[in-house]
Amino acid sequence: MSISAFALIMTCISFIIYERQKLRQNLLSEIQLLAQIIGSNCEAALMFNERVGVEEILSVLEAEPSIEFASVFDKNDKEFATYKRNNTQQMTSPIIENGHYKFTNNTLLVVNDISVNEKVIGKVFIQANLSQLHSLIKRVCINAVIALIGTVFLLYLISSRLQRIITEPILELANTAKRVSTHRDYSLEVTNKSNDEIGFLINAFNDMLAQIRNRQAALTSSEEKYRTLFNASGEAVLLAEDQKIIDCNLSALTTFGCIDRSELIGKNVSAIYPEKQPDGSTSQEFINKQISLTMKRGTSKFVCIQRKISGVEFSGEVSLTKMEVNNRIIRQAIVRDISDKIRADEELKQGMIAAENANNAKSEFLANMSHELRTPLHGILSFSSFGLKHYDAASPEKLLKYFQRIETSGKTLLDLLNDLLDLSKLEAKMTMFEFRPTAINNLIVSVIEEFHLLAEERSISIRFDDSNQSPKVHIDRMKISQVIRNLISNALKFSNDNTEISVMTRADRNTISVSVQDTGIGIPDNELDVIFNKFTQSTRTNSGAGGTGLGLAICKEIINGHDGTILASNTPKGTLITFNLPTNTS
């Protein structure tokens, strides 16, 4: 009873501590979340020095009775706007670290930064009263103490009454069990005087003694039954004494490729093992280690490489058991050929890895897509909101700037949605390709002309030698133009000014290749394949140069639709991207 009472007290104390910490943490999380929401809502007002807007946001704290005081500070840590409940005194200076909080006897103080584009433009300070939290903790303590006192009292009543009912029958049962153990007299029985759980235990003990008597009577015939089961077993079973195989069943002959038992019986156990195991140890060392474990524990289960009589090796699962027969130590080995299972497990593992990689790729795609969609939408909403708030006071130049930003963000969003739509149709095989005979050199020249002005502004020359007349090839002219346009656009984006971009074609009997060589900083070798994934850019070129991150992924799908290939490589000049198309594409 004392142990149970002590356990209850410790449980009660732990419960109170846990509930107190949980309540404090819940309150802290709520206040921190509230500070983040207020900070997010105050971003635009702080940027445009709209004090009234911040005061309106802080006024909603009136609905939170635990909030006593709140204030918003600008980037220079000067108080910008405040909220104060009646008869409330500020407890401490709010100019402390971002995300910092402090519990005092009666208050919780929380400070959170207000950031825009990773730049701190202000701080939010909230002071909350802990009176409601203290009331909850007090109530938990009272309920826990009441439950503890009631449980201990009930425990005392039950234990004092049941002690007399349980102790005497258990002592009699223990004494009988001791006599049976000492004298090996299984004819003894315990008198049952009740029909409760103790009586059930006594009946079970008497039944156990009866079963032992019956088991001794049946021991004589058990050896013959074991022999029958031994030979009829569908699994390979071998018996060994010391290092010699002394018996085996018919399944063992099949497993080890034998015709007669004489091919196994009398042989050293090393005959069914190769010279070495996969870990580099010799099979003899491995066998000795497993035998030693079996002698200590009674059983041992392991997987190793085994060998048929013909020399063919296979993966075997061995269950080794120590048995004592007529004062002789015999080891029984059950061997299962699990080569097919290991192959199946490896295939399953590879499938799971592929599925996990696909799931990770999907998660990464969704995360990137969410970011790419949210950025232009945020720009549209932010600048339209600024325009609505300041349309009557802002200058035409200011409003023009807002509209230009909205237009830029809208075009970015439209480009992203168009690329996403194109890519999804390509991946779902919903895009129709219109294959027609096309002179690809003419197609390249027309695409290069589109970039003439842009290249001229940066003094970049796009060189293409069209003297090599390539044969016409069956392609979708619009989609291959899109691929060439994307590759030249990327080359311009990442090439230095006053440099040269080379476009080359090469044709043989079955394939025509188009290559675009830039003079950029190149791509790390371990990223040459992944840059064709959705929303993936090289770590060297991911510098905010623009684009949706889907261009190369769309190129890859278009080339795949033409039964071609596309790949990237590094050269001493920069990056070379080449796509190959079969000349008989149809």
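Relevant structure appears above.
Predicted model only: the values in this text are computed from it and were never measured.

Caption draft 1: Broad picture of the pattern of salt bridges. Per the counting criterion, the structure on display carries 13 salt bridges. Between aspartate 497 and arginine 458 there is a salt bridge, and its shortest N-O distance comes to 2.8 Å. Of this pair, aspartate 497 sits in the loop between α12 (477–494) and β14 (500–507) while arginine 458 sits in the loop between α11 (452–457) and β12 (461–464); the two residues are 39 residues apart in sequence, bridging distant segments of the chain. A single network of salt bridges, built from pairs that share partners, joins Asp77, Asp113 and Lys123.

Caption draft 2: Layout of the sheet that holds strand β8 (residues 299–307). Sheet architecture is open: five strands sit in the order β7-β6-β10-β9-β8, paired in antiparallel fashion. A strand with exactly one partner marks an edge of an open sheet, and here the two such strands are β7 (244–248) and β8. Averaged over all pairs of adjacent strands, the angle between strand axes in this sheet comes to 35°, irrespective of strand direction. Relative to the sheet, helix α7 (residues 283–297) contacts β8, β9 (313–325) and β10 (328–337), its axis offset from that of β8 by approximately 160°.

Caption draft 3: Structural detail: the pairing of strand β6 (residues 236–241). Within β6, five of the six residues are buried, which leaves the element mostly enclosed by the surrounding structure. Where β6 meets β10, five bridges bridge the pair, whose relative direction is antiparallel. In the strand pairing of β10, alanine 240 is matched with arginine 331. The turn joining β6 and β7, which pair antiparallel and follow one another in sequence, is formed by two residues; a positive phi near 60° is taken by aspartate 242.

Caption draft 4: Seen up close, unusual backbone geometry. One non-glycine residue, glutamate 118, adopts positive backbone phi at about 65°. Backbone geometry places aspartate 242, a non-glycine residue, at a positive phi of 60°. Note that aspartate 242 resides in the loop between β6 and β7.

Caption draft 5: Looking closely at the packing of α12 against helix α13 (residues 551–561). Direction vectors running N to C along α12 and α13 enclose 145°, while the axes themselves pass 10 Å from each other. Along this stretch, α12 crosses α13, giving a crossing that reads as left-handed. In this structure, α12 uses Lys479, Ile480, Gln482, Val483, Asn486, Leu487 and Asn490 to contact α13, whose residues at the interface are Gly551, Leu552, Ile554, Cys555, Ile558 and Ile559. Taken together, the residues that form the contact of α12 with α13 break down as eight nonpolar, four polar and one charged.

Caption draft 6: The arrangement of a nonpolar patch on the surface in detail. A cluster of nonpolar side chains, contributed by Met1, Phe153, Leu154, Tyr156, Leu157, Ile158, Leu162, Ile165, Ile166 and Ile170, occupies part of the molecular surface with about 890 Å² of accessible area. Overall, the relative accessible area of 51% leaves phenylalanine 153 in the exposed class.

Caption draft 7: Summary view of α13. When you tally the buried positions in α13, you get eight out of eleven residues, the bulk of the element. Among the residues of α13, those classed as buried are Gly551, Leu552, Ala553, Ile554, Cys555, Glu557, Ile558 and Ile559. Following α13 by one or two positions, aspartate 563 adopts a phi angle in the positive range, close to 60°.

Caption draft 8: Up close: the environment of leucine 552. Within the fold, leucine 552 resides in helix α13. According to the relative accessible area criterion, leucine 552 is buried, its value standing at 13%. As a C-alpha pair, leucine 552 and isoleucine 531 span 21 residues in sequence and 7.2 Å in three-dimensional space.

Caption draft 9: Quick look at the side chain of serine 251. Relative to the helices and strands, serine 251 is located in helix α6 (residues 250–255). A residue is classified by how much of its surface remains accessible, and serine 251, at 14% relative accessible area, is buried.

Caption draft 10: Highlighting helix α10 (residues 440–450). For α10, the set of buried residues is Ile440, Asn441, Leu443, Ile444, Val447 and Ile448. Taken around the axis of α10, the buried residues stretch over an arc of 160°, which confines them to a single face. Exposed side of α10, more than 90 degrees from the buried face: Asn442 and Glu449 are the residues found there.

Conventions used here
- Residues numbered from 1 in each chain as written.
- Predicted model: local features only at pLDDT ≥ 70, side-chain atom pairs only at ≥ 80, totals over all residues.
- Heavy atoms only, no water.
- Salt bridge = Lys/Arg side-chain N within 4 Å of Asp/Glu carboxyl O.
- Helix = DSSP H or I, 4+ residues; strand = E, 2+ residues; numbered from the N terminus.
- Pairing = 2+ DSSP bridges.
- Axes fitted to C-alpha atoms, helices over the stretch in contact; angles between N-to-C directions.
- Contact = heavy atoms within 4.5 Å.
- Buried < 20%, exposed > 50% of the residue type's maximum accessible area, 1.4 Å probe, protein only.
- Left-handed = near helix turned anticlockwise from the far one by under 90°.
- Nonpolar A, V, L, I, M, F, W, Y, C, P; charged D, E, K, R; others polar.
- Patch = residues over 30% accessible without salt bridge, like charges linked within 9 Å, V, L, I, M, F, W, Y side chains within 5 Å.
- Areas by Shrake-Rupley, 256 points an atom, 1.4 Å probe, with all protein chains shown as cover.
- Arc of directions from axis to C-beta.

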